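Here is what each chain is made of, one letter per residue.
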Amino acid sequence: MNQLPEQDLPPGRHQLLKERLMTEIRHEDPARARSGNKWLRPAIAAAAVATAAAVTFVLLPSGGTAAPAASQSAVELLGDIALAAEHQRVPDGIRDDQFVYIESKFGYPTRGGGKPATVDPVHQREVWLSVDGTRWGLLQEDQNDKQLELDPVTPGNPTNINYRNLQTLPTDPDAMLDWLHENGKGPRSEDQNAFDLVGRLVSDSLLPPDVAAALFRATAKIPGVVVVPDAVDAAGRHGVAVARVDSGQREGLIFDEETYEYLGEQTVTLVDLDDGLKKGQTVETSAVLKREIVDKAGQRP
């Protein structure tokens, strides 16, 4: 693969950015998943009385009490979000040779090297993903013309997020829930892995409307899901979030309170973590600013 010039990034930084995104968009190797934390799928922070009960359950050691069913307010909110998703329009005549362009803001912790984790500043990110997964994509971070080519996806992986594969996903909520549990891989509980997969799909892809509606209705069936009334994404936009607590962190998906459009995600720690992150700290955040179809990698709408 011929990569574009790296221009002044520290050694290994580009490879790290690429590995992070490729883990996000393909999720092929559970062994690469982070242990006990979730760098990729930032989620929500904000105190809500309804969430407190969920914290009690999720923080219990393995074998403890299972998380309760999703709260009634979460079920109702996700029903409204699903209804809005059904009426969302996607461009007509999307071609296999086109690309999904996503512009976002992103911030996540840096871990490793025997040092305490630190939270990186929020930065701009653009990605171009092949519609059918067979063409080289592109990742650009930091707004400094530093780019990385992204490999075509491996055929047959059910969690490939190229648009053509997403068109094959279940449109029945119960079937979608089964699919989430079957394909949500990672070091966490089965329900949290399913919730993480929901976040990956809504953040890093273009979902067909009927698939998106089924996804949100299936999310309402995941135990432990609650509502956070006021959440803020990486762009500073306020919204309402559906959230879940696991491994000492509250993670959620933020939506516009009026249109139910997806805004972004955020993660807040609920306890001091072994890696040095502190209780109450916002450690991961994102905001999707634009999502369009373009004709080639590198082209902006």
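This one's a predicted model, so the numbers in the text were calculated from it and none came from an experiment.

**Student:** Which residues make up unusual backbone geometry, and what are the values?
**Tutor:** Unusually for a residue other than glycine, S247 sits at a positive phi of about 55°. Secondary-structure assignment places S247 in the loop between β8 (238–246) and β9 (249–255). Using a relative accessible area of 30% as the deciding quantity, one classes S247 as partly exposed. One non-glycine residue, Y260, lies in the positive phi region at around 65°. Looking at where Y260 falls in the secondary structure, it is placed in the loop between β9 and β10 (262–269).

**Student:** Hey, could you go over the side chain of Q192 for me, with residue numbers and the actual values?
**Tutor:** One can find Q192 in helix α6 (residues 190–203). Of the polar contacts made by the side chain of Q192, one reaches the side chain of E251; its length is 3.1 Å. Not counting chain neighbours up to four residues away, the residues in contact with Q192 comprise R244, V245, D246 and E251.

**Student:** Please provide a residue-by-residue account of the packing of α6 against helix α7 (residues 209–219), values included.
**Tutor:** In contact at an axis separation of 11 Å, α6 and α7 are set at 155° when each is read in the N-to-C sense. In this view, α6 runs roughly antiparallel relative to α7, as classed from their interaxial angle. Where α6 crosses over α7, the handedness of that crossing is left-handed. Contact residues: F195, V198, L201 and V202 in α6; L215, F216 and T219 in α7. Its residues assigned to classes, the contact of α6 with α7 shows six nonpolar, one polar and no charged.

**Student:** Can you lay out the pairing of β10 for me, pointing to particular residues and giving the numbers?
**Tutor:** Consecutive side chains along a regular strand alternate between the two faces of the sheet. Counting buried residues in β10 gives eight out of eight residues, a clear majority hidden from the surface. Taken together, the seven bridges between β9 and β10 define a ladder with antiparallel strand orientation. Counterpart to R250 in the pairing with β10 is V268. In sequence, β9 turns back onto β10 through a hairpin of six residues, with Y260 there showing a positive phi of about 65°.

**Student:** Before we move on, can you summarise the packing of aromatic side chains with the specific residues and values?
**Tutor:** For the coordinates displayed, the defined rule picks out three aromatic pairs. Look at Y101 and W128: their rings are 5.2 Å apart centre to centre, the planes differ by 50°, and that puts the pair in the tilted class. With a gap of 27 residues between them, Y101 in strand β1 (residues 99–107) and W128 in strand β4 (residues 123–130) connect regions that are remote in the sequence. Judged by relative accessible area, Y101 falls into the buried class, the value being 2%. On the basis of relative accessible area, W128 is assigned to the buried category, the value being 0%. Judged by centre distance (5.6 Å) and plane angle (85°), the ring pair of F216 and F255 falls under edge-to-face. Taken together, the positions of F216 in helix α7 and F255 in strand β9 put the pair 39 residues apart, joining distant regions of the chain. Each member of the pair, F216 as well as F255, is classed as buried. Connected via pairs of aromatic rings, a cluster forms that spans F216, F255 and Y262. One Lys or Arg, R125, reaches over the ring of F106 and ends 4.4 Å from the middle of that ring.

How each quantity is defined
- Residues numbered from 1 in each chain as written.
- Predicted model: local features only at pLDDT ≥ 70, side-chain atom pairs only at ≥ 80, totals over all residues.
- Heavy atoms only, no water.
- Helix = DSSP H or I, 4+ residues; strand = E, 2+ residues; numbered from the N terminus.
- Buried < 20%, exposed > 50% of the residue type's maximum accessible area, 1.4 Å probe, protein only.
- Polar contact = N/O pair within 3.5 Å; in protein donor to acceptor, adjacent residues only side chain to side chain.
- Contact = heavy atoms within 4.5 Å.
- Axes fitted to C-alpha atoms, helices over the stretch in contact; angles between N-to-C directions.
- Parallel < 35°, antiparallel > 145°, perpendicular 65-115°, else oblique.
- Left-handed = near helix turned anticlockwise from the far one by under 90°.
- Nonpolar A, V, L, I, M, F, W, Y, C, P; charged D, E, K, R; others polar.
- Pairing = 2+ DSSP bridges.
- Phe/Tyr/Trp six-rings, centres within 6.5 Å; stacked < 30°, edge-to-face > 60°.
- Lys NZ or Arg CZ within 6 Å of the ring centre and 35° of its normal.

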